[in-house]
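# Summary of structural features
Here is what each chain is made of, one letter per residue.
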Amino acid sequence: MDNFLWDITTKVYFGRGQIKNLGPKAAGYGKKALLVYGGGSVKRIGVYDAACNSLREHGISFAELSGVKPNPRIDSVREGVRICREFGAEMVIALGGGSCIDCAKVIAACVSCEADPWDLVCGREKYKSVLPVLSVLTLAATGSEMDPVAVISNMDTNDKLGTHHPAMRPVVSILDPEYTFSVPPYHTACGTADIFVHALENYLWHDNGAFLQDRFAEAVMLTCIKYGPIAMKNPEDYEARANLMWAGSHAINGLLSLGKEHPWVAHSIEHQLSAYYDVTHGAGLAIILPHWLNYILNDQTVSKLQQLAVSVWGVAPSGDGFSDAKAGIIKMQEFFASMDLPGTLREVGIPDKSRIKEMAQKAFRYISRRSYVPLSADDVEKILEACW
Ligand code: NZQ
Ligand code: ZN
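What this report covers is the structure whose coordinates are included nearby. This structure is a prediction, so every number in the text was calculated from the model and none was measured.

## Focus: a nonpolar patch on the surface
On the surface, Met1, Phe4 and Trp6 cluster together to form a nonpolar patch covering roughly 340 Å² of accessible area. With respect to the element layout, Phe4 can be found in the segment before strand 1 (11–14).

## With respect to the packing of helix 11 (residues 281–296) against helix 15 (residues 377–387)
Orientation of helix 11 relative to helix 15, taken along the N-to-C sense of each, is 125 degrees, at an axis distance of 9 Å. The angle between helix 11 and helix 15 places the two elements in the oblique class. Once helix 11 is placed against helix 15, the crossing between them reads as right-handed. When helix 11 is examined against helix 15, the residues Ile287, Ile288, His291, Trp292 and Tyr295 are found in contact with a partner set consisting of Asp379, Lys382, Ile383, Ala386 and Cys387.

## Some thoughts on the coordination of the zinc ion (ligand 2)
Those donors, Asp194 (OD), His198 (NE2), His267 (NE2) and His281 (NE2), are the protein atoms that reach the zinc ion (ligand 2), and they lie 2.0 to 2.1 Å from it. Expressed as a motif, the donor residue spacing for the zinc ion (ligand 2) is D-x3-H-x68-H-x13-H. Placement of the pair is Asp194 in helix 7 (residues 185–203) and His281 in helix 11, with a sequence separation of 87 residues. In this structure Asp194 comes out as buried when scored by relative accessible area, which is 2%.

## A word on helix 3 (residues 47–57)
Within helix 3, burial applies to Val47, Tyr48, Ala51, Cys52, Ser54 and Leu55. Down the axis, helix 3 shows its buried residues gathered within 165 degrees of arc, on one side only. Away from the buried face of helix 3 by more than 90 degrees, exposed residues Arg56 and Glu57 are located. Residues of helix 3 that are buried in the fold lie against helix 1 (22–27), strand 2 (32–37), helix 2 (41–44), strand 3 (61–65), strand 4 (91–96) and strand 5 (133–137). Looking one or two places after helix 3, you find Gly59, whose phi comes out positive at around 75 degrees.

What counts, and at which threshold
Residues numbered from 1 in each chain as written. Chains lettered and ligands numbered in written order. Predicted model: local features only at pLDDT ≥ 70, side-chain atom pairs only at ≥ 80, totals over all residues. Heavy atoms only, no water. Patch = residues over 30% accessible without salt bridge, like charges linked within 9 Å, V, L, I, M, F, W, Y side chains within 5 Å. Areas by Shrake-Rupley, 256 points an atom, 1.4 Å probe, with all protein chains shown as cover. Salt bridge = Lys/Arg side-chain N within 4 Å of Asp/Glu carboxyl O. Helix = DSSP H or I, 4+ residues; strand = E, 2+ residues; numbered from the N terminus. Axes fitted to C-alpha atoms, helices over the stretch in contact; angles between N-to-C directions. Parallel < 35°, antiparallel > 145°, perpendicular 65-115°, else oblique. Left-handed = near helix turned anticlockwise from the far one by under 90°. Contact = heavy atoms within 4.5 Å. Donors = N, O, S within 2.8 Å, 3.2 Å for Na, K, Ca; no water. Buried < 20%, exposed > 50% of the residue type's maximum accessible area, 1.4 Å probe, protein only. Arc of directions from axis to C-beta.

Structure representation (structure tokens):
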């Protein structure tokens, strides 16, 4: 196991009624906030009113940026930065899913910079100071509530890029599973797939003795398999929503990748589907994942993929690692299909194969050289072809 630093700054208030802590905790960061939220779900489910009341009770005034879209756009970031400066916001508070939290993070990081936010997201300019970010999570999926990463899209250039800064990690996150009761089945399934893939991207590395991290990752994947379908069938099952929510945070807060490499391959490919066709992140991952695993099954990866099949998918070891690994991948596909997730690019409305090559070349730029199995742009193209 490699050396590591474990430093989680986020204070997590988990459970029913924890929104009451928003005002008191925010008061520690100033008196003026920017609230960031999406297309209205937070108003329908009462999160917006509860958050506003708690902030007002503690003397915090706020400006608002609403209408943040899934696959949040750089234009929303620019608008948020403008409002923050005009209002003099001392913190940014996200109410919603990963898209709102990501947008809030990048706004918080861009306020102190003169450069255009897209230049900062692209890495052409450097972040300086970052306003404190607080989040009230309403969808179990991305883990943005506890990580230092944000993903922003620029549909004009067909780019969806991850950006990060240690200070983007929220200082406070309110995780009330009841706020996710209203998440529709499709987004529950997409969120479950996203959590599963986060755990798997951390899991797939050559054995370097990080035994415990692998068991943590298996636990997160098993939690998705057990509770994703329950939450879809019984949206108000607190136990299911609570376990999914906490699994989502741990899948990406750093715990699973401590002391090992964690190249994110399926994500680098999926981000192109979102950037070119505005595909929902978890749905894109569910399509790509089985085809990527099939493609990289070889003598070097077979024992890990067999372990995945046995420990996570319950495949009985047959003595033939390849056939066990393949059986695991089939079970994974069946699981995604059972949650009504798409299995092909056609199903998410991609009209033809005309941009597969371009997407493959772009994805290749973001796939780390230290990928679990090194892939060329041609390899990525073949994986995307198989997804067709
Ligand atoms: O816009 P509203 O009205 O809020 O509706 C949202 C949206 O339509 C709705 N929703 C959220 N909570 C709800 C709800 N509907 C009913 N009841 C609730 N309680 O769900 C829809 C999707 O929301 P969104 O925030 O887009 O979903 P998610 O949390 O999956 O975030 C996806 C974004 O995060 C990025 C993805 O790429 C994508 O852009 N990711 C961020 C990561 C990170 N920060 O570390 C890592 C991930 O791998 C991922 O890339
Ligand atoms: Zn993801």
